Amino acid sequence: MTSRTLTHAGQIDECLSEFSSHLRNLGLCEDDVFMSRLALCELLTNVFRHGGDEAEVRFGVSDGVVSIEVFGGDLSSISEVTLPDAMAEAGRGLYLVSVICGGDMSIEKNAVSVRISVQKNR
């Protein structure tokens, strides 16, 4: 797995660009690159929004699955991912990630990991 540490939220865009390039270089289709990038963006944003001073990201692709792990912040207030209010200003990120990964998500006190099924370009 590839690993990267972000020391502030201003590094999120650079990390997402590197992540997307990595997925494209592996031959993933653009839809899967977009959905995987969206999931990582939501997870990183949550770390910095919920008190994380830094975030560690690990990701890899194996057997048609993108695995993403994000460490940092305090997620202890999240016991489960629920359907959010469609008009809410916040609180939809983890629900979106859950939909993207088909529910294959694990949330711990300071870590979230997801697995997203993907395809290579045809």
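Remember, predicted model here, so these are calculated numbers, not experimental data. Positions within a chain are numbered from 1, following the residues in the order the chain's sequence is written. With the structure being a predicted model, the display of local features is reserved for residues of pLDDT at least 70 and the display and counting of side-chain atom pairs for 80 or more, all residues being used for whole-chain, interface and lining totals. Note that the side-chain values use all heavy atoms of the structure and ignore hydrogens as well as water.

**Some words on the overall build of the protein**
Step number 1: Only DSSP runs of H or I reaching four residues or more are called helices, and only runs of E reaching two or more are called strands; each is numbered from the N terminus. Across its full length, the protein holds three helices and five strands.
Step number 2: Helices and strands appear in the protein in the N-to-C order β-α-α-β-β-α-β-β.
Step number 3: Every one of the 122 residues in the protein was classed for burial, and the buried ones make up 38%.
Step number 4: Approximately 7,000 Å² of the protein is accessible, and the part contributed by carbon and sulfur atoms is 46%. Burial classes follow relative accessibility: with a 1.4 Å probe on protein chains only, a residue under 20% of its type's maximum area counts as buried, one over 50% as exposed, and anything between as partly exposed. Only the protein chains shown count as cover for residues, and all accessible areas are computed by the Shrake-Rupley method using a 1.4 Å probe.

**What about the sheet that holds strand β1 (residues 2-6)?**
Each strand in a sheet pairs with another by means of backbone hydrogen bonds, the pair being arranged parallel or else antiparallel.
Step number 1: Two strands are counted as paired when DSSP detects at least two bridges linking them. Across the sheet, which stays open at both edges, the five strands sit in the order β1-β2-β3-β5-β4 with antiparallel pairing between neighbours. On the outer flanks of this sheet lie β1 and β4 (105-108), each paired with one strand and no other. Strand after strand, the sheet turns through a mean of 10° between neighbouring axes, direction not considered.
Step number 2: Pairing between β1 and strand β2 (residues 55-62): five bridges, direction antiparallel. Its bridge partner lying in β2, T5 is registered against E56.
Step number 3: Throughout, a residue-residue contact means that at least one pair of heavy atoms, one from each residue, lies within 4.5 Å. Fitted lines through C-alpha atoms serve as axes, helices being fitted only where they are in contact, and the angles separating the N-to-C directions of these axes extend from 0 to 180 degrees. Here helix α1 (residues 12-25) sits on the sheet and contacts β1, β2 and β3 (65-71); the angle it forms with β1, its principal contact strand, is near 170°.
Step number 4: Lying over the sheet, helix α3 (residues 93-100) contacts β4 and β5 (111-117), oriented at roughly 145° with respect to β4.

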